[in-house]
Amino acid sequence: MSKTTMKSALFRGKHDIKIEEIPIPQPQQGQVLVKVAWCGICGTDLHEYESGAILCPTDENPHPLTGTGMPVCLGHEFSGVIESVGHGVEKWRVGDRVCIEAVISCHECYACKIGCNNACVKLGFVGLSTSTNLGGGLSEYYLCDRPEDYLHKLPDSVSLKAGAMCEPLAVAIHAVKRSGFKKGEKVLVCGSGPIGSLLITVLKSKGASQIIVSEPSSARRKVAQRAGAHHLLDPLNDDIVAKVKELTGGSDCGVDVAFEAAGNGRALEAAIAATCTRGRVLNVSVWSKPAVIDMNKLVFEEKTILGSSCYRGDHEELLSALDSGSIKLEDFITATIPLDQLVEKGFNELIHNNENHVKILVAPSGNLDQPF
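Residues numbered from 1 in each chain as written. Predicted model: local features only at pLDDT ≥ 70, side-chain atom pairs only at ≥ 80, totals over all residues. Heavy atoms only, no water.

### Looking at a nonpolar patch on the surface
- Taken together, the side chains of Ile293, Met295, Val299, Phe300 and Ile305 make up a nonpolar region of the molecular surface, amounting to roughly 490 Å² of accessible area.
- The element best represented in the nonpolar patch is helix α10 (residues 295-300), accounting for 3 residues.
- For Met295, the location among the structural elements is in helix α10. (Patch = residues over 30% accessible without salt bridge, like charges linked within 9 Å, V, L, I, M, F, W, Y side chains within 5 Å. Areas by Shrake-Rupley, 256 points an atom, 1.4 Å probe, with all protein chains shown as cover. Salt bridge = Lys/Arg side-chain N within 4 Å of Asp/Glu carboxyl O. Helix = DSSP H or I, 4+ residues; strand = E, 2+ residues; numbered from the N terminus.)

### Some remarks on unusual backbone geometry
- Here the amide bond leading from Met70 into Pro71 is cis, since omega sits at 0°, within 30 degrees of zero.
- Looking at the element boundaries, Pro71 is found in the loop between α1 (43-51) and β4 (72-73).
- Positive phi is not limited to glycine here, since Glu302 has a value of about 50°.
- Inspection of the secondary structure puts Glu302 in the loop between α10 and β16 (304-307).
- Residue Glu302 is classed as partly exposed on the basis of its relative accessible area of 44%.
- Here Cys310, not a glycine, exhibits a phi torsion of approximately 55°, which is positive. (Buried < 20%, exposed > 50% of the residue type's maximum accessible area, 1.4 Å probe, protein only.)

### A word on the environment of Glu344
- Residue placement: Glu344 occurs in helix α12 (residues 342-352).
- According to the relative accessible area criterion, Glu344 is exposed, its value standing at 54%.
- As for Glu344 and Glu50, which are separated by 294 residues in sequence, their C-alpha atoms are 14 Å apart.

### Describing the packing of helix α8 (residues 240-248) against helix α9 (residues 265-274)
- Axis separation between α8 and α9 bottoms out at 9 Å; the angle between their running directions is 30°. Between α8 and α9, the angle is such that the two are roughly parallel. Like other packed secondary-structure pairs, α8 and α9 cross with a definite hand, here right-handed. Residue-level contacts link Ile240, Val241, Val244 and Lys245 of α8 to Ala270, Ala273 and Ala274 of α9. (Axes fitted to C-alpha atoms, helices over the stretch in contact; angles between N-to-C directions. Parallel < 35°, antiparallel > 145°, perpendicular 65-115°, else oblique. Left-handed = near helix turned anticlockwise from the far one by under 90°. Contact = heavy atoms within 4.5 Å.)

So, in structure tokens, the structure goes:
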């Protein structure tokens, strides 16, 4: 490798992210160096940028597992090609095309011991909790210090663009599994942003008989329709609960499962009220303030509300679905940009024009025509 430095997006606090040149890390024992092909901008990245450190560690509060403070190289939805490997690496080869499983866990707490590493008490993420010395998704290179934990090989049929969307797809697949969804059930999805749209795609692939979507944005309702929604509702103008009951058979009916992917009280209230007796509500959104729940709706109609965090053990299923073609992701990519335009064409575009986007992918190399 002739280059010795790489471009990396370093985050230091609210509205403070700059593209800087830092040394390219070199793989040591058991490590692999990945040349990043594409990285998606996640809503979490936007929250960090707009509000300052939320999940990202700081110098005052370094991450308990990685010891990292500021700055942080953002980017946890990415794909790439292995550039070089360290001593003792046997499973991975130069040229392998990979995607990231970003969850960092302690492997020691109760959650980890029962296989719920995604609920670890010291939960962290590659691209949010890791040192700039390792790089990340919004960097030309990423040094993976635990490839068995964080990397998955992409099937030959799956593009690296699709590979960069495997991380949010894993969130959607895990949420559907957590909900207990069964083929033939009727569902409501509240919110058709990136995760909501992927939920629709997964539910369609798994045989939902009726997919009803509540989404205020007309642009995002069109995305929901392309993803496989059967009925589109506007919560600003429609009585969501009444419409859902009408569509599912009458005033005493409802959907079997409702997915709350909007993170607001009205959506959660509608999700609970629109489910049938003994129906389930799955919350996959992250809330900025406490929610108010009508407990009597749960008690007297024996409904269940569940939470879903990240993913665990879901990549094998999602890679199989992508390989078979039962799930396709490229249609959700609404823009591609070079790393140098991250703030102007990436963050600012999603902040001020988010209704017209599902996923913006960043090419750290700057080459938007790369043969990946």
